[in-house]
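# Survey of secondary and tertiary structure
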Amino acid sequence: MLARISKYLTPKAEIPGGVYLSVSTLTGVSLFAFWCLLSYGGLVRPDFLPTPDAVVAAGYEGLQDGSLLKHTWTSTSVILSGFVLASIISIPIGILMGSFKLVEAAIEPVTNFVRYLPVSALIPLLILWIGIGVEQRIAVIFLGTVFQQIILIADTSARVSRDMIDVSYTLGANRRQVVTRILIPATLPGVMDTLRVTMGWAWTYLVVAELVAAQSGLGYMILNAMRGLFTDVIFLGILIIGLLGLITDQALKALRRWALPWA
Amino acid sequence: MSKLLIEDVSMRFAVRRGDAPVVALEGISLEVADREFSVIVGPSGCGKSTLLRLVAGLDEASGGRLVLDGEPITGPSRDRGMVFQSYTLFPWLTVRRNIEFGPKLAGRPPSECADIATRYLEQVGLQGFENAYPAQLSGGMRQRVALARALANDPKILLMDEPFGALDSQTRSLMQELLLAVWEQSQKTVLFITHDIDEALFLGDHVFVMSARPGRIKERVEVTIPRPRAVEVLTSPEFIELKRKVMGAIRVEARKVAAAG
């Protein structure tokens, strides 16, 4: 037994699947048990830490009056609109920027400057310009992700092997064909990875935008619950955001496997 | 008449602006006859890959002239197929689609492309792998596909830049035999680059030994070993005699490179 545990503690050593699963389950169960202990045990006031059943009850109530679905839908539609818009623009620009010095010269300096501006700093300006409607939050998601995506995709495009491009010239490809038949497919796996990473960031920006100015959405729901000390609703909101993040991540992962079986 | 004619070719590049340009190649002249297997051997850094890129049309010479079948070389073309040392298969295409890539670009009808692919799959011994993706293949198999892909265009000359350099020595030896078999069947003109003397002498009709910095053709060695050749020739007295000759010429050059840092 001791010898086996010592083997599991070797750096980079593989461990049996069963052990892996048990340990991760144990962490989850322990966290939940800790939560139960603190809340049911009366160690923390219920206004600060709700009991698990209070969170479930809040979820049930939200489903009954339809508010939960409305908030979830608002958030999801905002994030998808901003994200899709950003991706439509960043994918072609990124691919070209990584491979054409002219495009790089035109776009990279500006992009590198803008991407270090925290998008939350732009929110007041965006409120002034476009108000506090849904467009403002879409703009936050868009600005928060598009520049990051451009830089990351340009990196993948720049890493496409020079020899692979040269070999396609010797096989009879012209420059246009090198872009359409080599650069674009060769960059796709990197594009998919970039989308997955930036999708995580998009959720962060969304909640920031909703906390500042919104009349609906999960961030708004959380902020509103804070005013009434409804910590169960706050917990519910956080759990749903986590869950939605997990689902979008898995969906993008599945899309990559399905669309790019070779990568 | 020679198939490929390289006449007084030189190549200089500026490493940094303002610095004196580095002379990579100087006064290179050589001729390759139709259906001949020519090998250029030299120490690393002697500019042999640069020379091959000039023949491929991927770079432009600073001086001199390169002529294939009486036509000056001005840019890359499907007439000059190339196999690189690095793996250059398109990972998103199956083995079959990789081989069909050239004929498809040339606008050949699908049925003809399929026939061509089948023929070359067979020649390189990869029947049964046509629907595999490159990531599923070993290094040797990938280079066989790369060879088939280059041949599928029916090029006038096949350019090979240390194509087996990344393979382990057993695989490399098998690949050399396979290449000879394919070459004897296809009767292509081949220009092959390597730093491996055994490989050069085993494959070539003649071997050009290159000097380093600036790269020049130092010697042309006729490989008098009869064909078809099998690995056994590697230990024949005749082979060893040739090897001694080439090795002596190359070691002098390798020392120069090492001394220059």
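Residues numbered from 1 in each chain as written. Chains lettered and ligands numbered in written order. Predicted model: local features only at pLDDT ≥ 70, side-chain atom pairs only at ≥ 80, totals over all residues.

Bringing the overall build of chain B into the picture now. The secondary structure content of chain B amounts to seven helices and 10 strands. The globule rule puts the C-alpha radius of gyration for 261 residues at 18 Å, and the 19 Å found for chain B is close to it. Its C-alpha atoms give chain B principal-axis dimensions of roughly 50 × 50 × 40 Å. Taken across its 261 residues, chain B has 43% of its residues classed as buried. The long-range fraction of contacts in chain B, counting pairs at least 24 apart against all pairs at least 6 apart in sequence, stands at 70%. (Helix = DSSP H or I, 4+ residues; strand = E, 2+ residues; numbered from the N terminus. Rg over C-alpha atoms; globule rule 2.2 N^0.38 Å. Buried ≥ 20, exposed ≤ 12 C-beta atoms within 10 Å, placed from the backbone. Contact = placed C-beta atoms within 7 Å.)

Turning our attention to helix H8 (residues 162-170) of chain A. A:Asp166, A:Val167, A:Ser168, A:Tyr169 and A:Thr170 are the residues of H8(A) that are buried. Contact partners of the buried residues in H8(A): helix H9 (175-212) of chain A together with helix H1 (48-56) and strand S6 (80-83) of chain B. Backbone geometry just downstream of H8(A) places A:Gly172 in the positive-phi region, at approximately 105°.

Another aspect to go through is the nonpolar core. Within the largest apolar cluster, 76 residues are counted, with the highest numbers of intra-cluster contacts made by B:Val41, B:Val55, B:Tyr120, B:Leu147, B:Ala148, B:Leu159 and B:Leu191. The leading source of residues in this core is helix H4 (residues 139-151) of chain B, at seven residues. Leave out the neighbours within four places in its chain, and B:Leu147 touches B:Val83, B:Val124, B:Leu179 and B:Val182. If you look at the next biggest cluster of nonpolar residues, it comprises 44 residues, including A:Phe147, A:Ile182, A:Trp203 and A:Leu206. (Core = buried A, V, L, I, M, F, W, Y, C linked by C-beta atoms within 7 Å.)

Of the residues lining the interface, 14 residues belong to chain A; the matching set on chain B comes to 20 residues. Sorting the residues of the side of chain A that touches chain B by element identifies H8 and H9 of chain A as the ones contributing at least two each. The biggest single contributor to the side of chain A that touches chain B is H8(A), with six residues.

Once that is clear, we can look at the packing of helix H3 (residues 52-65) of chain A against helix H11 (residues 231-259) of chain A. Residues and elements named next belong to chain A. Look at H3 against H11: their axes get within 8 Å of each other, and the N-to-C directions meet at 80°. Judged by the angle between their axes, H3 and H11 are roughly perpendicular. Residues Ala 54, Val 55, Ala 58, Gly 59 and Gly 62 of H3 lie in contact with H11, whose contacting residues are Asp 232, Val 233, Phe 235 and Leu 236. Among the residues forming the contact of H3 with H11, the class breakdown is six nonpolar, two polar and one charged. (Axes fitted to C-alpha atoms, helices over the stretch in contact; angles between N-to-C directions. Parallel < 35°, antiparallel > 145°, perpendicular 65-115°, else oblique. Nonpolar A, V, L, I, M, F, W, Y, C, P; charged D, E, K, R; others polar.)

Caution applies to low-pLDDT regions: their predicted coordinates should not be interpreted in detail. Residues with a pLDDT of 70 or more make up 100% of chain A, whose mean pLDDT is 93. The least confident element of chain A is helix H1 (residues 2-8) of chain A, whose mean pLDDT is 83; the most confident is H8(A), at 96. (pLDDT = per-residue confidence, 0-100.)

What follows deals with the sheet that holds strand S4 (residues 63-68) of chain B. Residues and elements named next belong to chain B. The antiparallel open sheet is built from four strands, whose spatial order is S2-S1-S4-S5. Strands at the two margins of the open sheet, each flanked by one partner only, are strand S2 (22-33) and strand S5 (71-72). In the sheet, S4 pairs with S5 via two bridges, with the strands oriented antiparallel. If you follow Val 67 over to S5, its bridge partner there is Pro 72. (Pairing = 2+ DSSP bridges.)

Along the polypeptide, B:Pro214 turns up in the loop between strand S9 (206-211) and strand S10 (216-222). Considering only alpha carbons, one finds B:Pro214 and B:Ile73, 141 residues apart in sequence, at a separation of 22 Å.

Attention now goes to the sheet that holds strand S8 (residues 189-194) of chain B. Sheets are built from strands that pair by backbone hydrogen bonding, the pairs being arranged parallel or antiparallel. Residues and elements named next belong to chain B. Reading across from one edge, S6-S7-S8-S3-S9-S10 is the order of the six strands in this open sheet, with mixed pairing throughout. Among the strands making up the open sheet, the edge pair consists of S6 and S10. This sheet shows a mean twist of 20° between the axes of neighbouring strands, independent of strand direction. Pairing analysis gives four bridges linking strand S3 (residues 37-41) to S9, with the strands arranged parallel. Each bridged residue has a counterpart across the sheet, and for Ser 38 the counterpart in S9 is His 206.

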